[in-house]
Amino acid sequence: MDKIVREISDLYELSLTIGAGLDAYSNCEQFLSVLLARRNLAYGAVWVAEQGLQRQPNAYQLLCARPACKAAQVKLSALDPIIAALDQDTIQVWAAEEAPFSGFLKANQINKGYVALLLLGPGAFMLLQGASEAALSDRSLRQLRPVLKKFAVAIEGCMAHERLREETRQRKVAQEEAEVARRAQQQFLANVSHEIRTPMNAMLGMVHLLRDTNLDSHQQEYLNVMRFASDNLMDLINNILDASKIEAGEVVLDPKPFDLHGLFSGLHQSWQLRIKDKPVQVRYEHDLPESTSFIGDSMRLQQIMNNLLNNASKFTESGTISLSVCMLSQRGDKADLQIKVGDTGQGIEEEHLPHIFDQFKQGRKAVGQGHAGTGLGLSIVRELLALMDGVISVESEPGAGSVFTIDLTLPVQKQVAKAPVAPVPAGQNQLSGINVLVAEDNRMNQKLVERILEKFGCEAEIVPDGLEAIRRCSHKKYDIILMDIHMPKMDGLEASKRIRVSGRNKKTPIVALTAAALLEERNHGLASGMNDFVTKPFAPDLLKRVMIKWLEDTAPQGEEDHAPKAEESPAEQIDLSYLHAMSGGDEAFIQDMIQTFLKEIPEMIQQVEANLQGRRPEALYSVVHKFKPSLSMLGLKQQEKACAKIERMTKESPPDWSALQSACHKLLSVIGKAQHDLQHHYSKIPEER
């Protein structure tokens, strides 16, 4: 009776060692230690398949042995004699010197006594050694079978956990390596873009200036060729950068009200001029309600259409390129649109159609001027449309042409009355007499910008680096500063930071004239105190518009400016068109949103001030981030951008609290005025629609 109790106790203690943790080695070590001690055995070892427990594995590895000093071999092939000796149904016991795998035993210093092989399950077995045959009796080993089965299951679970942990670790390493590679790619593209755009800016700028001079027919033809080649090179650069931005998730849509018919009419006229030397006619048809605007990212939509029209032009030698847009239906404030771009070109083979929107894939050979292309244009079209929740499809017949169809839903813009804008008197130059500081190290670009500003009627000073820009700013007040980012001695980012700290120009608009085209670099610029960006190469008209925008938005400032300022009316800055479009003109909803905005303001101001005083960047970020959508819904786009700038500033290490305080107080000042104006004109808002 005592013997039976002792055996039951032994089995119970062995059972307690099973599954004590998730580490396979520790579980096996503990199990073997108890087994050897309770059964008076000299040696024990567990072997498992290298690729996890499985039937007929190719190789085995030692999981654990006790005592460990005897384990000379740690790997076994499926052809090893000890593997051949395993039996699925029986437990086999041999004298050590008579075992069919005596070579293995000698290698593991097992030279005497008796040995037993026990199959634990698919791909796992146990080897035991005892001093006498009685220690490995058939009855004793059969008693172990239920416990050994549970032990095998526990070991499989532990090994599965370890495999999962290792796979997770490898995935994490792969993700980190992919992120490092992505950042390296982004930096490479930024460097290449900068190196190409800088001379391209000078070249295209001179082309623009040459157009305004007296040219004979031959010179005009040469100029047109230069411009055509330059435009194609810029298209290539922009496609590569856009593909990289989309892949990195850096493309963010900027939906605003726009005239869809006007956009397509402009595209029609532009492409008629671009391909006027080819026997190809560009046709445009539309079926849109009159005086209807839509809300969307018109710049990205124009990019999509230009890619499709450029694609049609490359593959059409003669015939017709057609552009059409129609409104299929309207559901409340949403309109279902269908846009088509067709051509009578060479068409696409059927086997290429499924891959026509993949990166670096082309379904047909370019004609005309030999522009093979990169295979990125249609891929960019598909990805941009996906951001807009739109889809694109294609139908094509070799020799007959292709038709690309876009199905897109856009909000319809409600007509909202806006405050009248005073027109600029005819012949008046809005930039005449403006003092401009230009920081630019490239000599070609210096001459170009100086000539363009001269045509604008500006008074320009050119400096070659950021250090000289700071020195000039300490002695003179400028109306606007044009700043390159990459310069010797001191770059534009550091120069902008120092200009913003103190002095006569700490509130002067700073516009970056830069070849940097990536979002991350622009964010660094905004965080440094820059107001806007003009990417090289730029058209003079674009630079002019940006300069006028910031000169109009910024009242005269500086220590010497003490003239009383006309009171601004925030109501003129508030645009309720988004709320009208979103609510379908529900006036009760709009007024409820305004009331909610008014209730949020006092708490938001209190939290911003408290977090500024306590210097809590994360809490400040949360408050500003939470309030930003409210500004967006009320059309306060500039203040929404100000919030984004503050968010970026809170992420700096360490934050510039002086700059943060200045930015926050400027934001709170405008919001406070908006609050006062909404309260004052609250009853008038419905009538102003």
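The notes below deal with the structure included here. (Residues numbered from 1 in each chain as written. Predicted model: local features only at pLDDT ≥ 70, side-chain atom pairs only at ≥ 80, totals over all residues. Heavy atoms only, no water.)

1. Some details on the overall build of the chain
Turning to step 1, where the next piece is worked out: Across its full length, the chain holds 19 helices and 18 strands.
Turning to step 2, where the next piece is worked out: Within the chain, contacts between residues separated by at least 24 positions form 67% of all contacts whose residues are at least 6 apart in sequence.
Turning to step 3, where the next piece is worked out: Accessible surface for the chain amounts to roughly 36,200 Å². Of this, 51% is attributable to carbon and sulfur atoms. (Helix = DSSP H or I, 4+ residues; strand = E, 2+ residues; numbered from the N terminus. Contact = heavy atoms within 4.5 Å. Areas by Shrake-Rupley, 256 points an atom, 1.4 Å probe, with all protein chains shown as cover.)

2. Remarks on the pairing of strand β18 (residues 532-535)
Turning to step 1, where the next piece is worked out: Burial along β18 is two-sided: D532 and V534 and F533 and T535, pointing in opposite directions, are all buried.
Turning to step 2, where the next piece is worked out: In the sheet, strand β17 (residues 510-514) pairs with β18 via 4 bridges, with the strands oriented parallel. What sits directly across from V511, in β18, is D532. (Buried < 20%, exposed > 50% of the residue type's maximum accessible area, 1.4 Å probe, protein only. Pairing = 2+ DSSP bridges.)

3. What to know about the packing of aromatic side chains
Where two aromatic rings form a pair, the distance of their centres and the angle of their planes describe that pair.
Turning to step 1, where the next piece is worked out: As enumerated under the stated definition, the model contains 7 aromatic pairs in all.
Turning to step 2, where the next piece is worked out: With a centroid separation of 6.4 Å and 35° between ring planes, the pair formed by F264 and Y284 is classed as tilted. Within this pair, whereas F264 is found in helix α7 (residues 260-274), its partner Y284 is found in strand β8 (residues 280-287), the two being separated by 20 residues in sequence. The same class applies to F264 as to Y284, namely buried. (Phe/Tyr/Trp six-rings, centres within 6.5 Å; stacked < 30°, edge-to-face > 60°.)

4. Things to note about the nonpolar core
Turning to step 1, where the next piece is worked out: With 46 residues, the main nonpolar core has L260, F264, F294, I304, M305, L308 and I406 as its most contacted residues.
Turning to step 2, where the next piece is worked out: Top contributing element to this core by residue count: helix α8 (residues 298-314), with 6 residues.
Turning to step 3, where the next piece is worked out: Ignoring anything within four residues of it in the chain, the contact list for I304 reads V381, L384, L385, M388 and I406.
Turning to step 4, where the next piece is worked out: In this structure, I91, L118, L128 and L148 belong to the second largest nonpolar core, which totals 29 residues. (Core = buried A, V, L, I, M, F, W, Y, C linked by side-chain atoms within 4.5 Å.)

5. Quick look at the sheet that holds strand β2 (residues 59-66)
Turning to step 1, where the next piece is worked out: Across the sheet, which stays open at both edges, the 6 strands sit in the order β3-β2-β1-β6-β5-β4 with antiparallel pairing between neighbours. Looking at strand neighbours, the two that pair on one side only are β3 (75-77) and β4 (92-95), the edges of this open sheet. Strand-to-strand, the axes of this sheet are offset by a mean angle of 25°, without reference to chain direction.
Turning to step 2, where the next piece is worked out: Alignment of β2 against β3, held across 3 bridges, turns out to be antiparallel. When the sheet's bridge partners are listed, Q61 is paired in β3 with K75.
Turning to step 3, where the next piece is worked out: Across the sheet, helix α2 (residues 24-39) lies against β1 (43-49), β2 and β6 (124-130), angled at about 55° from β2, the strand it touches most. (Axes fitted to C-alpha atoms, helices over the stretch in contact; angles between N-to-C directions.)

6. A few points about the pattern of salt bridges
Turning to step 1, where the next piece is worked out: Per the stated rule, a full pass over the model turns up 11 salt bridges.
Turning to step 2, where the next piece is worked out: Of the charged contacts in the structure, one is a salt bridge between E29 and R66, with a shortest N-O distance of 2.2 Å. Residue E29 is found in helix α2, and its partner R66 is found in strand β2; the two are separated by 37 residues along the sequence.
Turning to step 3, where the next piece is worked out: On the accessibility criterion, E29 (26% relative accessible area) is partly exposed.
Turning to step 4, where the next piece is worked out: For R382, the salt bridge goes to E383, with nearest N and O atoms at 3.5 Å.
Turning to step 5, where the next piece is worked out: E383 sits in the partly exposed class, given a relative accessible area of 28%.
Turning to step 6, where the next piece is worked out: When salt bridges with common partners are traced through the structure, they connect E461, E468, R471, R472 and K476 into a single cluster. (Salt bridge = Lys/Arg side-chain N within 4 Å of Asp/Glu carboxyl O.)

7. A short note on the packing of helix α11 (residues 466-473) against helix α12 (residues 492-501)
Turning to step 1, where the next piece is worked out: Two elements in contact, α11 and α12, have axes separated by 9 Å at closest approach and are oriented at 15°. In terms of orientation, α11 lies roughly parallel with respect to α12. In the crossing of α11 with α12, the sense of the turn from one axis to the other is right-handed. Judged by residue contacts, G466, I470 and C473 of α11 engage A495, R498 and I499 from α12.
Turning to step 2, where the next piece is worked out: A class-by-class count of the residues in the contact of α11 with α12 yields 4 nonpolar, 1 polar and 1 charged. (Parallel < 35°, antiparallel > 145°, perpendicular 65-115°, else oblique. Left-handed = near helix turned anticlockwise from the far one by under 90°. Nonpolar A, V, L, I, M, F, W, Y, C, P; charged D, E, K, R; others polar.)

8. Here we look at the packing of α7 against α8
Turning to step 1, where the next piece is worked out: Viewed as axis vectors pointing N to C, α7 and α8 meet at an angle of 35°, and their least axial separation amounts to 11 Å. As α7 packs across α8, the resulting crossing turns out to be right-handed. Residue-level inspection shows L260, L263, F264, L267 and W271 of α7 in contact with α8, the latter providing S298, L301, Q302, M305, N306, L309, N310 and S313.
Turning to step 2, where the next piece is worked out: Class assignment of the residues belonging to the contact of α7 with α8 gives a composition of 8 nonpolar, 5 polar and no charged.

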